[in-house]
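Per-entry structural report
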Amino acid sequence: MKSKRLQAMLIFSALILSVPLIAMQFTDEVDWSVFDFLIGAVLLTSLSLGVETVFRNINDFYSRIIFCVIILVVFFLVWAELAVGVFGTPFAGS
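A cluster of nonpolar side chains, namely Phe-61, Tyr-62, Ile-65, Val-69, Val-73, Leu-77, Val-84, Val-86 and Phe-87, defines an oily patch on the protein surface of about 920 Å² accessible area. Positionally, Ile-65 belongs in helix α3 (residues 61-84).

Below, the structure written as structure tokens:
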């Protein structure tokens, strides 16, 4: 069960990354480079591995929820910073 859950999360990550790839075939408004796909893959894989680690190592339901929410918040903050530079850090290239 555990490996199937991780496998499903990684397949879902690949499906998410296929959306901009398909969109690039139909419009010029989506312009991702190989580096963008690489960063997206690293972020989504890290998210999947983090959630899987929480599910494997923490047994308490509420602790799982708290840790998964923390992982999701960090993921979305990093994603927003890379996408539009919300905080204006050098991390986003500002």
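With that settled, consider the environment of Phe-37. Counting through the fold element by element, Phe-37 comes out in helix α2 (residues 34-57). Each C-alpha atom, one on Phe-37 and one on Ala-83, is 13 Å from the other, the two residues being 46 residues apart in sequence. What Phe-37 contacts, discounting residues up to four positions off in sequence, is Leu-17, Pro-20, Leu-21, Met-24 and Trp-32.

Attention shifts here to the side chain of Ser-48. Tracing the backbone shows Ser-48 in helix α2. Sequence-distant contacts of Ser-48, defined by excluding residues within four places in its chain, comprise Leu-6, Met-9, Leu-10 and Ser-13.

This part covers the environment of Leu-10. Relative to the elements of secondary structure, Leu-10 occurs in helix α1 (residues 2-26). With relative accessibility at 32%, the residue Leu-10 sits in the partly exposed group. Residues Leu-10 and Asn-59 lie 49 residues apart in sequence; the distance between their C-alpha atoms is 22 Å. Ignoring anything within four residues of it in the chain, the contact list for Leu-10 reads Thr-45 and Ser-48.

About the thresholds
Residues numbered from 1 in each chain as written. Predicted model: local features only at pLDDT ≥ 70, side-chain atom pairs only at ≥ 80, totals over all residues. Heavy atoms only, no water. Patch = residues over 30% accessible without salt bridge, like charges linked within 9 Å, V, L, I, M, F, W, Y side chains within 5 Å. Areas by Shrake-Rupley, 256 points an atom, 1.4 Å probe, with all protein chains shown as cover. Salt bridge = Lys/Arg side-chain N within 4 Å of Asp/Glu carboxyl O. Helix = DSSP H or I, 4+ residues; strand = E, 2+ residues; numbered from the N terminus. Contact = heavy atoms within 4.5 Å. Buried < 20%, exposed > 50% of the residue type's maximum accessible area, 1.4 Å probe, protein only.

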